[in-house]
Each structure stands twice: as structure tokens, then as C-alpha cells.
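# Reading the structure
Letter by letter, the chains look like this.
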Amino acid sequence: MSAVILAADGVNVAQNVGFGIIAAAMIFAALKVVTTDNVVHAALWLVVVLSGVAAQYILAAAEFVAISQVLVYIGAVMVLFLFGIMLTRAQIGKETDLNNKGWALGIPVGLALLGLLAWAILDAFGDDVLPDAGPTPTVALSDQFLSIYLVPFLAISFVLLAAAIGAIVLARKD
Amino acid sequence: MLAVNFLLLAAVLFSVGVYGVIARRNAVMVLMSIELILNAVSLNLVAFSLMTGAVDGQVFALYVIAIAAAEVGVGLAMVLMIYRNRKTIALDDLSEMKG
């Protein structure tokens, strides 16, 4: 039904098709991240999810955020995860005890959360159509960062510095 | 394009992440599930930015990315330290703080 409305409204069909394909891949990969038996495979499926998020950012006209996502998540965070996996595990391969004893409790919790969120979203934004926006200029973002968000910007640089020092202090051997 | 497309996709990612945090026993896997949750939130923020036409949502998404980088750095350092002391990172073996 909604597809008919979309076609009638002249909504960008190619954008919707691209969104659907990427979203299906992301959901499949996210389910693999939380269900696979192999920690390394979970990390590689997470790469698929993060790339999908970056692609969705481009569809949502947020290029700078998409590039930051690729640089920070796929470039840095995933390498950190792979280092964490390699440094904490003796063997690479399937594991049998990756889940808790009470893991099945997560299924009703996740489904209930999804139902509540979906109900609230459809209730609030049921038929809002997103405008066809052009790319966001990076100048607009930097203007925000260096004017009204300046104090949070400085705060987050301090947080990153503290996290870097804290990680070194925690992880060094002596 | 409908706004609910992005928001429902983010809701699915968030729920999958919550399931992972509850179900997984390995600390690194729990951190990966937290990444799923954080990405769902940033996707929402970017969608709201597109909806309102203001760039503030994208600014918040960049803050979320920075916080996630800091969180993963400290979290994995803690996991490494626990592994070095205990030779395990199974979360249900770490129960000294339980009342």
C-alpha cells in the first residue's frame, strides 16, 4: 500500500530501492553479529553493518558523517576489535560457550523493545515524507562546531585525550 | 522517501544490539553489540537532521562517533587487563561485585 502512495507522490524510487537493499543487508549482518559462533566472523559481519550505516548516511545527504563513519569505525574501531579478539583468545575458530546460560531471555526483550519502538515511530512519524535534500555542506557543520557547539567540542576532545591516556594506563604491563 | 524507513531500520538495529548485550557471554561480543546500539542512535539523529533541515543532528552524530571511539578504546583496554589477570573474559565468571 505504501509503495502505491510513494509512486503517486513522485517520491524518489531509486533512493527507496537502494535503501531497501542496503537495509536488508544490514539487518541480516546485524543478526549474524549476535548469533554467529565465531568471534572473528562476528567482527567481519559488524564491518558490513557499519558500511551499511555509512551508505545510509550518504542516502540521507550526510556525506561528512558518512566519511567519518568509514574512517573512525571501519578504519580504527574495527582494527581495535580485531586486536582485542586476537589478544584475548588462544584459538581462532568456532566456540561453543559464547552465549550466557540465560541467553533466550534476550529474544522476548528484543522483540518487545522492537514492537514498542515500531509502534511509537509509526504513531508519531507514520506518513512524514523526507525532503529531497542536496548534500550538506561541510562548512555548515564546521560553523555549528565552532560557534554554538564549541564548548561540547572542547569537552569531547578532552574526553578523547582522557580515554587515550586511560587506555594506555590500563593496558600496559608493568 | 518516508521518515519511518530510517527510523524503523534504526529500531531493528537497536533491538538486535540489546539482544546481543543480553545474550552474549564474551566481553568483546558485548562491546560489538554496544556498537550496533550506538550506530542505531546515530542513524536516527541523521534522519532527524534530514527531516528538520537543520545540521544539528549531524553534529550530534559526530559526537556519538567520537564517544564510541573513546568507549571502545577504554573498554578493550579493560578487557585486556581482565584477560591478563584472570585468563578469561566470560562475563559470568566476573561476579566478585555481586551482592
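Our subject is the structure listed above.
All residue numbers here refer to positions counted from 1 along the written sequence of the relevant chain. Each chain is given a letter, starting from A, and each ligand a number, starting from 1, according to the order in which they appear as written. Given that the model is predicted, a residue must reach a pLDDT of at least 70 before its local features are reported, and side-chain atom pairs must reach 80 or more before they are shown or counted; all residues, however, enter totals for whole chains, interfaces and linings. Working from all heavy atoms in the structure, the side-chain values ignore hydrogens and water.

### Section: the overall build of chain B
Comment: elements are numbered from the N terminus, with helices defined as DSSP H or I runs of at least four residues and strands as E runs of at least two. Along its length, chain B carries three helices and zero strands. From first element to last, N terminus to C terminus, chain B shows the α and β order α-α-α. Across its three principal directions, the C-alpha atoms of chain B cover 50 × 25 × 20 Å. Throughout, exposure labels follow a simple rule: accessible area from a 1.4 Å probe, protein chains only, divided by the maximum for the residue type, with under 20% read as buried, over 50% as exposed, and the rest as partly exposed. By the burial criterion, 63% of the 99 residues in chain B qualify as buried. Any two residues whose heavy atoms approach within 4.5 Å at even a single point are treated as in contact. The contacts in chain B between residues at least 6 apart in sequence include a share of 57% that link residues at least 24 apart.

### Considering the packing of aromatic side chains
Under the pairing criterion, centres of Phe, Tyr and Trp rings, with the six-membered ring standing for Trp, must be within 6.5 Å; the plane angle then separates stacked pairs below 30 degrees from edge-to-face pairs above 60, leaving the rest tilted. Taken as a whole and judged by the stated rule, the model has six aromatic pairs over all chains. Centre to centre, the rings of Phe-19 of chain A and Phe-6 of chain B are 5.2 Å apart; their planes meet at 80 degrees, and the pair counts as edge-to-face. One end of the pair, Phe-19 of chain A, is in helix H2 (residues 13-35); the other, Phe-6 of chain B, is in helix H1 (residues 3-23), on a second chain. With a relative accessible area of 7%, Phe-19 of chain A lands in the buried category. Geometrically, the ring pair formed by Phe-145 of chain A and Tyr-63 of chain B is edge-to-face, given 5.4 Å between the ring centres and 70 degrees between the ring planes. Taken together, the residues Phe-145 of chain A in helix H6 (residues 138-145) and Tyr-63 of chain B in helix H3 (residues 56-86) connect one chain to another. Since its relative accessible area comes to 11%, Phe-145 of chain A is described here as buried. What makes Tyr-63 of chain B buried here is its relative accessible area of 11%. An aromatic cluster is defined as three or more aromatic residues linked by ring pairs; in this entry it consists of Phe-145 and Phe-153 of chain A together with Tyr-63 of chain B.

### Section: the packing of helix H5 (residues 106-125) of chain A against H1 of chain B
The packing of two helices is summarised by the inter-axis angle and the distance between the axes. Axis lines are fitted through C-alpha atoms, for helices just across the contact stretch, and the angle between N-to-C directions can take any value from 0 to 180 degrees. Across the interface, H5 of chain A lies against H1 of chain B with an axial gap of 9 Å and an inter-helix angle of 160 degrees. As summarised for this structure, H5 of chain A and H1 of chain B are arranged roughly antiparallel, according to the angle between their axes. Here H5 of chain A and H1 of chain B pass one another in a crossing that is right-handed. Residues Gly-106, Ile-107, Val-109, Gly-110, Leu-113, Leu-114, Leu-117, Ala-118, Ile-121, Leu-122 and Phe-125 of chain A of H5 of chain A pack against Val-4, Leu-7, Leu-8, Ala-11, Val-12, Phe-14, Ser-15, Val-18, Tyr-19 and Ile-22 of chain B of H1 of chain B. Think of it as three bins: nonpolar holds Ala, Val, Leu, Ile, Met, Phe, Trp, Tyr, Cys and Pro, charged holds Asp, Glu, Lys and Arg, and polar takes everything else, Gly as well. For the contact of H5 of chain A with H1 of chain B, the residue count by class is 18 nonpolar, three polar and no charged. Our angle categories are set so that under 35 degrees counts as roughly parallel, over 145 as roughly antiparallel, 65 to 115 as roughly perpendicular, and the remainder as oblique. Left-handed is the label given to a crossing in which the near helix is rotated counterclockwise from the far helix by less than a right angle, and right-handed is the label when the rotation is clockwise.

### Details of helix H4 (residues 63-88) of chain A
Helix span is expected to be 1.5 Å times the residue number reduced by one. With 26 residues, H4 of chain A should cover 38 Å at 1.5 Å per step; its first-to-last C-alpha distance of 36 Å lies within 8% of that length. One axis is fitted to the seven residues ending at the residue and one to the seven starting there. The bend at that residue is the angle between these axes. Maximum bend of H4 of chain A: about 30 degrees, positioned at Val-77 of chain A. Residues of H4 of chain A that are buried: Val-65, Ala-66, Ser-68, Gln-69, Tyr-73, Val-77, Met-78, Phe-81, Gly-84, Ile-85 and Thr-88 of chain A. Against the buried residues of H4 of chain A lie helix H3 (39-59) of chain A together with helix H2 (27-52) and H3 of chain B.

### Section: a nonpolar patch on the surface
Nonpolar side chains (Val, Leu, Ile, Met, Phe, Trp, Tyr) are joined into patches within 5 Å and like charges within 9 Å, using only residues with over 30% relative accessible area and no salt bridge. Residue exposure ignores everything except the shown protein chains as possible cover, and the areas themselves are Shrake-Rupley values with a 1.4 Å probe. Salt bridges are identified by distance alone: a Lys or Arg side-chain nitrogen within 4 Å of an Asp or Glu carboxyl oxygen. Residues Leu-146, Leu-150, Phe-153 and Leu-154 of chain A make up a contiguous nonpolar surface patch of roughly 370 Å² in combined accessible area. In this fold, Phe-153 of chain A is placed in helix H7 (residues 150-171).

### Quick notes on the environment of Leu-150 of chain A
Residues and elements named next belong to chain A. Summarising the element assignment, Leu-150 is placed in helix H7. On the basis of relative accessible area, Leu-150 is assigned to the partly exposed category, the value being 34%. Along the primary structure Leu-150 and Ala-66 are separated by 84 residues, whereas in three dimensions their C-alpha atoms are 22 Å apart.

### Some remarks on H2 of chain B
At 3.6 residues per turn, the α-helix brings residues three or four places apart onto the same side. Residues and elements named next belong to chain B. An ideal rise of 1.5 Å per residue puts 38 Å on 26 residues; H2 measures up with 38 Å between its terminal C-alpha atoms. The N-terminus of H2 is capped by Asn-26, whose side-chain oxygen sits 2.9 Å from the backbone nitrogen of Val-28. Positive backbone phi, at 80 degrees, marks Gly-53, one or two positions downstream of H2. Residues adjacent in sequence count toward polar contacts only when both atoms are side-chain atoms; beyond that, a polar contact is any pair of N or O atoms within 3.5 Å, and within protein one must be able to donate a hydrogen and the other to accept it.

### Topic: the interface of chain A and chain B
On the side of chain B, 66 residues touch chain A, which itself brings 85 residues to the contact. Carbon and sulfur atoms supply 76% of the area that chain A and chain B bury against each other, a total of about 7000 Å² over both sides. The interface formed by chain A and chain B includes one salt bridge. Joining chain A to chain B, the criterion identifies 17 residue pairs in polar contact (both at pLDDT 80 or more). When contributions to the side of chain A that touches chain B are tallied by element, the ones reaching two or more residues are H2, H3, H4, H5, H6 and H7 of chain A. Looking at the side of chain A that touches chain B element by element, the count peaks at 13 residues for H4 of chain A. Of the residues belonging to the side of chain A that touches chain B, the class tally is 61 nonpolar, 16 polar and eight charged. Using a 1.4 Å probe, buried area is obtained as the accessible area two parts lose upon being combined, added over both of them.

By themselves these figures say nothing about function.
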